[in-house]
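Architecture at a glance
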Amino acid sequence: MCDVCCVMIMLFKKKGSVKPMDEALLKELVEKISRLGYEVGYHHHSEIGWVSSAYNDLMGRAAAYGVENTLREHYLQGKAGGAESRRHEYLTQGTVATPEQTPLPIVTRLPPAYRMVEPPAMTAAPRSIERPKMVDRPKALDGFTLTR
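Thresholds applied
- Residues numbered from 1 in each chain as written.
- Predicted model: local features only at pLDDT ≥ 70, side-chain atom pairs only at ≥ 80, totals over all residues.
- Heavy atoms only, no water.
- Core = buried A, V, L, I, M, F, W, Y, C linked by side-chain atoms within 4.5 Å.
- Buried < 20%, exposed > 50% of the residue type's maximum accessible area, 1.4 Å probe, protein only.
- Helix = DSSP H or I, 4+ residues; strand = E, 2+ residues; numbered from the N terminus.
- Contact = heavy atoms within 4.5 Å.
- pLDDT = per-residue confidence, 0-100.
- Salt bridge = Lys/Arg side-chain N within 4 Å of Asp/Glu carboxyl O.
- Expected span 1.5 Å × (residues − 1).
- Arc of directions from axis to C-beta.
- Phe/Tyr/Trp six-rings, centres within 6.5 Å; stacked < 30°, edge-to-face > 60°.

All right, on to the nonpolar core then. Ranked by internal contacts, the top residues of the largest apolar core, which has 14 residues, are Ile33, Tyr55, Leu71 and Tyr75. Elements with a minimum of two residues in this core: α2 (23-43), α3 (50-63) and α4 (68-94). In terms of residue count, the dominant contributor to this core is α2 (six residues). When sequence neighbours within four positions are dropped, the list of residues in contact with Ile33 reads Tyr55, Leu58, Met59, Leu71, His74 and Tyr75.

Right, dumping it as structure tokens:
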């Protein structure tokens, strides 16, 4: 046989080690992989690290039964659903509910006599403070003076 024929036989050879799968196990695997995909899509987890480990564990269990493609599709659907759910929550949080109209405060004008004796503001400095001498320019910087 030629090399091409050998490769073709290897590619299309039936897998003899595929076991029949119980419906409960398939449902459990689909639920777990969908939850994993949803979490990855919703929280934008990196698919490296613990996500890759969990995904590979589930896919390894599915490989024994030959349902990898089904699980891969459910993972991608869960991932898309998580991303869509996050986007929907983000968009609905951005909407502002119309608040009840608050009444305008009533401003009363004080008489002119009160404004003349108005106490100073808390942050205003008192007017009676003199400039301290330590902020004046040192005399040594004035230079030499002639003495006669």
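From this point, the narrative continues.
Now for the confidence of the model for the protein. The predicted model of the protein averages 78 in pLDDT, with 74% of residues at 70 or higher. The secondary structure element of the protein with the lowest average pLDDT is helix α1 (residues 3-11), at 45, and the one with the highest is α2, at 92. For residues 3-11, every residue scores under 50 in pLDDT, and the model assigns this stretch two contacts once sequence neighbours within four places are set aside.

With that out of the way, let us pick up the pattern of salt bridges. A side chain of one charge can pair with a side chain of the opposite charge when the charged atoms of the two come close. Applying the stated criterion to the full structure yields six salt bridges. Among the charged side chains, a network of salt bridges with common partners joins Glu28, Lys32 and Arg61.

On to unusual backbone geometry, then. Generally, phi is negative for residues other than glycine and the peptide bonds are trans, each holding for most cases. Backbone geometry at His44 places phi at a positive 55°, although glycine is not the residue there. Turning to its location among the elements, His44 is positioned in the loop between α2 and α3.

Take α2 next. Helix length check: α2, at 21 residues, gives a terminal C-alpha distance of 30 Å against a target of 30 Å (1.5 Å per residue), a fit within 8%. Looking at α2, one finds that the buried residues are Leu25, Leu29, Val30, Ile33, Leu36, Gly37, Val40, Gly41 and Tyr42.

With 14 residues, α3 extends 20 Å from end C-alpha to end C-alpha; this agrees with the ideal 20 Å at 1.5 Å per step. The set of residues buried in α3 consists of Val51, Tyr55, Leu58, Met59 and Ala62. All buried residues of α3 project into a common sector of 100° when viewed along the axis, lining one side.

Now for the packing of aromatic side chains. With the rule as written, the count across this model stands at two aromatic pairs. Measuring from centroid to centroid gives 5.9 Å for Tyr38 and Tyr42, while their planes differ by 10°, and the two rings are stacked. Of this pair, Tyr38 and Tyr42 both sit in helix α2, four residues apart, which is roughly one turn of the helix. Accessibility expressed as a relative area gives 36% for Tyr38, which makes it partly exposed.

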